[in-house]
Amino acid sequence: MGTRTEDHAGGPSSRAARRERALRLVEEGRRDEALPLWRAELSTGESGLAWMQDQLHSLLERRDLTAAGECAAIAAELRWGAGSGPAPRASVPMSVPKLRHDLQQLGHLRRQGVLGEEHAPVIDAYRRAHDRLAARGADAREPLDAAADPVLADAYNRLLHVRDTPRVARALSSRWDPAAVEEQYLANPPGVVFVDGFLTDEALDGLYRFCLDSTIWSGNRYAHGRLGAFFQDGFACPLLMQIAEELREALPRLIGERYPLRQMWGFKSGPELPADATTHADFAAVNVNFWITPDSANLDPGSGGLVVHDLDAPLSWDFDTYNGRSDLIRPFLRERRARSMTIPYRRNRAVVFNSDLFHATDAVRFRPGYENLRINVTMLYGDREAEVHHRELSGPVTTLSRPAWRSAAFARRKAGARPRKG
C-alpha cells in the first residue's frame, strides 16, 4: 500500500513531492488544501522554514503577487492561527497599549456581530489583564502566562478573525495622474511626490474595514503604543495584493518590472504621538505610504502626516543603524543641514518617495476611540542598493550578508529588526 507523501515528512522523494504539491495548491488559490502540507514542511525544522521563506521570496521576484499573498496568509495562519503553538504568540509580551487595542477591537467585533457571546469570557480576561498591567504604569509589560490565565492565552495574538477582503473592480482611482507622478518624482531629486484621492471609494472602505476587523496587529515593540501588522503575519488580503499590482502597472518607469514588492505593513498609532519619534530610513528603493483613517479623527489638519528629509541613509550603514539609531541619525541630519518636507495627514493621500530618505511620522493628535486610530499602509519596492532614479547617495555601497526584508517570518527577531515606520 502506498504512502501519502503529504501526510508526513518522509524521505527526499516524498518531501519533494509534498513541496511541489504545496506550491501548486498555493498558485491555484486552494489555501485550505495547501495549509496541512505547509504545516508538515514547517514541522521539519530549519530547512522547512528556509524553504517556505524562499518560496515567498521567489513568488515576489516573479511578480506573482496573488500567489505571494496566499503564501503570506498561510505563513500567518501557521504562526498565529488556531493550529499554531503557544510559543510564537507568547513571544509577543503583553503591554498596556496592546491589551487596550485588542480589548477595543474585540468590543468592535462584538458590536458588528462578528464575535458572539462565547467570546465574553475572553473579553473579561483581556479587561482583567489590562487593568492589572495598567496599575503598574502606562509602559508596563510582562510575558503571557498561559498557566495563570488559560482563557487569555488561548486568544492572545490569535487570528480570531480576518476579514474577507476581496479584489474590487478597480483599486487605484482615476482622480490622479500616474504619468505626472512619475515625471515629478524622476525630474526632481531626491524623489518625493504625494497624491490625493489615491484609492477608489470601494477599495478605501474595504481596506479600512480590513484593518478595523482583522486581529492581525501582533507587532507591539514600538514606542508610544504603536502597533504593527506585517505581510507574513496577517497583513495580506486579495485587495492589498491588487493595490500592489496596480501600482506596478500604473508606475512603469518608477516601479514597473524593475522593482519587485519586498514588504508591506500597516501601523496603528494614536491618539497622540510626538514629532520626530520615528525618524528612520527603510531598506527599499521606492516607498508608497498612504493613510486610511477618516479625516474627522484628526484634531490637527496641519499635522499627523509624514516628514521627509532630503538626505538619504549612507549605504555603509547597516539596517539596525539607519532604521533605529536615532542617536546617530539626528546628529547626521544636523551636520548635513538636511532640509525636510512636511506632508499633512489626509485620508486617501499617498506619498511616493525614495525609501532610503530619512523620514518620520509627524506629530499625531487624533480623537480617542478605536475607529479613530491613525492607520497608515506602506508598500516597499526594490532594494536600496539597487535604486537608480536618484543616485545622490551618502556613501559607498556595502554588501550585506542578508537583505533586511528577508528577516525570518517565524524565528525570533533581533531587537530593532522591525521597521520603525508608523
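Not measured: the values here are computed from a predicted model.

1. Considering the confidence of the model for the chain
With 87% of its residues at a pLDDT of 70 or more, the chain shows a mean pLDDT of 89. Scored below 50 in pLDDT, residues 1-10 shows 13 contacts in the model against residues more than four places distant or in partner chains.

2. So, the pairing of strand β11 (residues 357-361)
Taken across its 5 residues, β11 has 5 buried, putting it largely inside the fold. Residue alternation in β11 divides its side chains into two sets, L357, H359 and T361 and F358 and A360, and both sets are buried.

3. Things to note about helix α6 (residues 96-111)
If you check α6, its first and last C-alpha atoms are 23 Å apart, about what 16 residues at 1.5 Å a residue would give, namely 22 Å. Here α6 lies mainly inside the structure; 12 of its 16 residues are buried. Taken as a whole, α6 has its buried residues at V96, P97, K98, L99, H101, D102, L103, Q105, L106, G107, H108 and L109. Buried residues along α6 sit in contact with β1 (94-95), α7 (120-134), α10 (201-213), β4 (227-230) and β5 (261-269). The opening residue of α6, the one whose side-chain oxygen lies 3.2 Å from the backbone nitrogen of K98, is S95. Positive backbone phi, approximately 80 degrees, marks G113, located one or two places after α6.

4. Here's the deal with the nonpolar core
In terms of nonpolar packing, the biggest core is built from 94 residues, with W38, F198, L207, F235, I243, F290 and Y381 touching the most fellow members. With 9 residues, helix α4 (residues 65-80) is the single largest residue contributor to this core. If we ignore the near neighbours within four places in the chain, the residues touching W38 are A22, L23, V26, W51, M52, Q55, C71, I74 and L78.

5. Some points on the packing of helix α2 (residues 31-42) against α4
The axes of two packed helices give the description: the angle between them and the distance between them. Packing of α2 against α4 leaves a shortest axis separation of 10 Å and a crossing angle of 60 degrees. Our classification of the angle between α2 and α4 gives oblique. The crossing of α2 and α4 is right-handed. Of α4, the residues touching α2 (which contributes R31, A34, L35, W38, R39 and L42) are E70, C71, A73, I74, E77 and L78. Of the residues in the contact of α2 with α4, the class split is 8 nonpolar, no polar and 4 charged.

6. Examining the sheet that holds strand β3 (residues 192-195)
Read from one edge to the other, the open sheet built from 6 strands follows the order β3-β10-β7-β13-β5-β4, with strand pairing classed as antiparallel. Across the chains shown, the open sheet's two edge strands, defined by having one partner strand only, are β3 and β4. Strand-to-strand twist across the sheet, computed as the mean angle between neighbouring axes with direction ignored, equals 20 degrees. Of the strand pairs in this sheet, strand β7 (residues 286-291) and strand β13 (residues 374-381) are connected by 6 bridges, and their pairing is antiparallel. Residue pairing across strands places N289 opposite T378, the latter belonging to β13. Together, β3, β7 and β10 (350-354) form the strand contacts of helix α9 (residues 178-187), whose direction differs from that of β3 by roughly 160 degrees.

7. Side note on the environment of V122
Summarising the element assignment, V122 is placed in helix α7. For the pair formed by V122 and Y156, sequence separation is 34 residues and the distance between their alpha carbons is 9.0 Å. Not counting residues within four places of it along the chain, the set of residues in contact with V122 comprises L106, V151 and A155.

8. A few points about the pattern of salt bridges
Throughout the structure, instances matching the rule amount to 30 salt bridges. For the salt bridge of R30 with E33, the shortest nitrogen-to-oxygen distance reads 2.7 Å. For R30, a relative accessible area of 33% corresponds to the partly exposed category. A relative accessible area of 40% places E33 in the partly exposed class. Among the salt bridges present, the one from D233 reaches R79, with a minimum N-O distance of 3.7 Å. In this pair, D233 is assigned in the loop between β4 and α11 (238-250) and R79 in helix α4, connecting sequence segments 154 residues apart.

9. Side note on the packing of aromatic side chains
Taken as a whole and assessed by the stated rule, the structure comprises 16 aromatic pairs. Ring centres 5.7 Å apart and planes at 85 degrees place the aromatic pair F319 and Y322 in the edge-to-face group. Of this pair, F319 and Y322 both sit in helix α12 (residues 319-324), separated by 3 residues, roughly a single helical turn. Residue Y322 is classed as buried on the basis of its relative accessible area of 1%. Ring plane angle 65 degrees and centroid distance 6.0 Å describe the contact between F332 and F358, whose orientation is recorded as edge-to-face. Of this pair, F332 sits in helix α13 (residues 326-335) while F358 sits in strand β11, placing them 26 residues apart in sequence. Residues F332 and F358 agree in their burial class; the two are buried. For R347, the ring lying beneath its charged end belongs to Y208, and the centroid distance is 5.1 Å.

Analysis parameters
Residues numbered from 1 in each chain as written. Predicted model: local features only at pLDDT ≥ 70, side-chain atom pairs only at ≥ 80, totals over all residues. Heavy atoms only, no water. pLDDT = per-residue confidence, 0-100. Contact = heavy atoms within 4.5 Å. Buried < 20%, exposed > 50% of the residue type's maximum accessible area, 1.4 Å probe, protein only. Helix = DSSP H or I, 4+ residues; strand = E, 2+ residues; numbered from the N terminus. Expected span 1.5 Å × (residues − 1). Polar contact = N/O pair within 3.5 Å; in protein donor to acceptor, adjacent residues only side chain to side chain. Core = buried A, V, L, I, M, F, W, Y, C linked by side-chain atoms within 4.5 Å. Axes fitted to C-alpha atoms, helices over the stretch in contact; angles between N-to-C directions. Parallel < 35°, antiparallel > 145°, perpendicular 65-115°, else oblique. Left-handed = near helix turned anticlockwise from the far one by under 90°. Nonpolar A, V, L, I, M, F, W, Y, C, P; charged D, E, K, R; others polar. Pairing = 2+ DSSP bridges. Salt bridge = Lys/Arg side-chain N within 4 Å of Asp/Glu carboxyl O. Phe/Tyr/Trp six-rings, centres within 6.5 Å; stacked < 30°, edge-to-face > 60°. Lys NZ or Arg CZ within 6 Å of the ring centre and 35° of its normal.

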